[in-house]
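# Observations on the model geometry
The residues making up each chain are set out below.
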Amino acid sequence: MITYHCPVCNKVSRKGALDLARHMLGRGDKVHREWVNSKGFKYSEILASQFNSFGGNAYKELAAVIERETRVDEPDPIAGAKPIVVKKPEREIEGQEA
Ligand SMILES: [Zn+2]
């Protein structure tokens, strides 16, 4: 399963890079803004471009960076989600000693 991990707050998105891009802009706090800016984007410009055309080019470019840098290929999420429980016998068998 492909997941995307926010490099700032470790939020995990299973929906895709665009979803994580939306998360980063949606948070809008200092650490997320700085990450976006550190990738050569201008946070404020991407935010502004949303109003002109939702999912505009700047947005897609940011998503492409997120795709490259935060993508995690997780092996077998179903097996990983369930911890293996070792069952104890319900009760000790009594009178086993002859
Ligand atoms: Zn985040």
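Residues numbered from 1 in each chain as written. Predicted model: local features only at pLDDT ≥ 70, side-chain atom pairs only at ≥ 80, totals over all residues.

## Section: the overall build of the chain
Counting its secondary structure elements, the chain contains 5 helices and 3 strands. Moving toward the C terminus, one meets the helices and strands of the chain in the order β-β-α-α-α-α-β-α. Looking at the 98 residues of the chain, the share that counts as buried comes to 15%. (Helix = DSSP H or I, 4+ residues; strand = E, 2+ residues; numbered from the N terminus. Buried ≥ 20, exposed ≤ 12 C-beta atoms within 10 Å, placed from the backbone.)

## Some remarks on the environment of Tyr43
With respect to the secondary-structure elements, Tyr43 resides in helix α3 (residues 43–52). Of the residues examined, Tyr43 has 19 C-beta atoms within 10 Å and is grouped as partly exposed. In this structure the C-alpha to C-alpha distance between Tyr43 and Ala58, which are 15 residues apart in sequence, comes to 9.6 Å. Setting aside anything within four residues of it in sequence, one finds Tyr43 in contact with Arg33, Val36 and Asn37. (Contact = placed C-beta atoms within 7 Å.)

## Points about the pairing of strand β1 (residues 2–5)
The pairing of β1 with strand β3 (residues 71–73) spans 3 bridges and is classified as antiparallel. Paired with Thr3 across the bridge in β3 is Val72. With 2 bridges joining them, β1 and strand β2 (residues 12–13) adopt antiparallel strand pairing. Bridge pairing links Tyr4 to Ser13 in β2. Hairpin geometry of β1 and β2 is characterised by an intervening segment of 6 residues between the two adjacent antiparallel strands and by a positive phi of about 65° at Asn10. (Pairing = 2+ DSSP bridges.)

## Some details on the sheet that holds β1
The 3 strands lie next to each other as β2-β1-β3, forming an open sheet whose pairing is antiparallel. Strand pairing shows two members of the sheet lacking a second neighbour, β2 and β3, which therefore form its edges.

## Digging into the packing of helix α1 (residues 17–27) against helix α4 (residues 57–70)
If you want to describe how two helices pack, look at the angle between their axes and the distance between the axes. At a minimum axis distance of 8 Å, the contact between α1 and α4 shows a crossing angle of 110°. Here α4 runs roughly perpendicular to α1, going by the angle between their axes. Residues Ala17, Leu18, Leu20 and Ala21 of α1 lie in contact with α4, whose contacting residues are Tyr59, Leu62, Ala63, Ile66, Glu67 and Thr70. Classifying every residue of the contact of α1 with α4 by side-chain character gives 8 nonpolar, 1 polar and 1 charged. (Axes fitted to C-alpha atoms, helices over the stretch in contact; angles between N-to-C directions. Parallel < 35°, antiparallel > 145°, perpendicular 65-115°, else oblique. Nonpolar A, V, L, I, M, F, W, Y, C, P; charged D, E, K, R; others polar.)

## Structural notes on unusual backbone geometry
Residues other than glycine seldom take positive phi values, yet Asn10 does so here, at roughly 65°. Mapped onto the elements of the fold, Asn10 is located in the loop between β1 and β2.

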